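# A closer look at the structure
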Amino acid sequence: AGFIKSPLSQKRLTQDSVELYCEAIGNPIPEIQWWFEGIEPNETYAQLWDGARQDRVKINATYNLHSTSTIYIANLTSDDSGMYECRASNDPDRNHLSKSPKVKWIRSQANVFVIERPEVKADLLTTSDKLVLTCNVTAPHATISGHEWMLGDKILQTDTESSTLTRYTIEGKIEDHSGVYECVYKTDPAIRGQVTVSVAPQVMAYKKSEHGNEGDTGVLTCKNPSFPPVKTWVWYKKSQEAITNGSGRYIIKSSGNKTELRILKLNIEEDTGDYHCNATNDAGSGGATVNLRVRSRLAALWPFLGIVAEVLVLVTIIFIYEKRRKPDEVLDGKSPFPLSRKSNATNHKDKNVRQRNAN
């Protein structure tokens, strides 16, 4: 058995793409082939292979327990309209040039209609406090049941109007709203247009101030959240020349809207200071500054050493005080030598008694 899991009838616009999926079950595992018949009266079925139609056709197949195959056609043209057929067979003679296979090919079909893409005129009007994005479709091929405005996967606005003209208004500065906005006409198939809002790089430092210990690796990072993406990143230190990647102890890693400067074996005297990252795209250039502070390796020990010093000073003061204190000093109103005091009192008493007897 063989069948196509994709919809049996699909509509596409020129320059779009289409994908069909076929699955076949049998023992032994059957082979899957793709065939095509155009809409012209004199056209007959022709087999498709991976890389056909100037490499616009991609076919992927897997044969594990059962057979699966996917055909993908990119950048569709009106000549791609027609009947696509998935054929499956496990007969040993299925591909023999002279013998007819005992088991016939099992077939499943799907129609693809490629419609000429209508033109969408996109425009952008900028003022001091707002942006107005517009799309206008010429000669729509189908009834319009509404519109959507999107930025990436996020839907910004939707309506159910049937007009060929649609608008989207953005409040605020243009620098805060760059990107590729898409207007979508709710038709079958959907018609799409794009309005691009481009600004110079709005570069931001990941941290305005970075810290590193002497001998470690310092990492400074800049990013650009605006559109279009950055083409060139350049790092400078203070007012010096541009830093060359791989020179000395510097390593620069840049990818799209992010750049990273690594400084190996930080040195307090040489590496402390301001570093500037500069970005350039099709709309202009922009930059940001990162301050790097390099600390001594002993910097983390200073608080602990301070506590130890305080304890030593306190112990020394107590020790000196104890050494210099008088031995007969009375503490808390009591003699430190209670036995000697008692003995003296007894001697004075006996002396007084003898004196009275003499009198």
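Above this text sits the structure in question.
All values derive from a computational prediction rather than experimental measurement. (Residues numbered from 1 in each chain as written. Predicted model: local features only at pLDDT ≥ 70, side-chain atom pairs only at ≥ 80, totals over all residues. Heavy atoms only, no water.)

## Comments concerning the sheet that holds strand S21 (residues 250-255)
Pairing is antiparallel in the open sheet, where four strands are placed in the order S17-S19-S22-S21. Edge positions in the sheet fall to strand S17 (204-205) and S21, since each of these pairs with one other strand and no more. Two strands pair when backbone bridges link them, and S21 and strand S22 (residues 258-263) are joined in this way by six bridges, in the antiparallel orientation. If you follow Ser254 over to S22, its bridge partner there is Thr259. (Pairing = 2+ DSSP bridges. Helix = DSSP H or I, 4+ residues; strand = E, 2+ residues; numbered from the N terminus.)

## Overview of the state of the cysteines
Inspection of every chain in the model, using the stated rule, returns three disulfides. A disulfide bridge connects Cys22 with Cys86, and the sulfur atoms are separated by 1.8 Å. Across the S-S bond of Cys22 and Cys86 the torsion is about -60°, and the bridge reads as left-handed. Of this pair, Cys22 sits in strand S3 (residues 18-24) while Cys86 sits in strand S8 (residues 82-89), placing them 64 residues apart in sequence. Neither residue differs from the other here; Cys22 and Cys86 are each classed as buried. By sequence-ordered numbering of the bonded cysteines, the chain has its disulfides arranged as 1-2, 3-4, 5-6. (Disulfide = S-S within 2.5 Å. Buried < 20%, exposed > 50% of the residue type's maximum accessible area, 1.4 Å probe, protein only.)

## Remarks on the packing of aromatic side chains
For the structure on display, the rule yields three aromatic pairs. On the numbers, 6.0 Å between centres and 25° between planes, the contact of Trp149 with Tyr168 is stacked. One end of the pair, Trp149, is in strand S12 (residues 147-151); the other, Tyr168, is in strand S14 (residues 165-171), with 19 residues separating them in the sequence. Accessibility expressed as a relative area gives 1% for Trp149, which makes it buried. (Phe/Tyr/Trp six-rings, centres within 6.5 Å; stacked < 30°, edge-to-face > 60°.)

## What about the pattern of salt bridges?
Inspection of the entire model under this criterion finds 12 salt bridges. Residue Arg192 is joined to Glu182 by a salt bridge in which the shortest nitrogen-to-oxygen separation is 3.1 Å. Of this pair, Arg192 sits in strand S16 (residues 191-197) while Glu182 sits in strand S15 (residues 179-185), and the two are 10 residues apart along the sequence. Its salt-bridge partner being Asp271, residue Arg249 comes within 2.9 Å of it at the nearest N-O pair. Residue Arg249 is located in the loop between strand S20 (232-237) and S21, and its partner Asp271 is located in helix H2 (residues 268-271); the two are separated by 22 residues in the primary sequence. Classification of Asp271 as buried rests on a relative accessible area of 0%. One salt-bridge network, held together by shared partners, links Arg53, Arg56 and Asp80. (Salt bridge = Lys/Arg side-chain N within 4 Å of Asp/Glu carboxyl O.)

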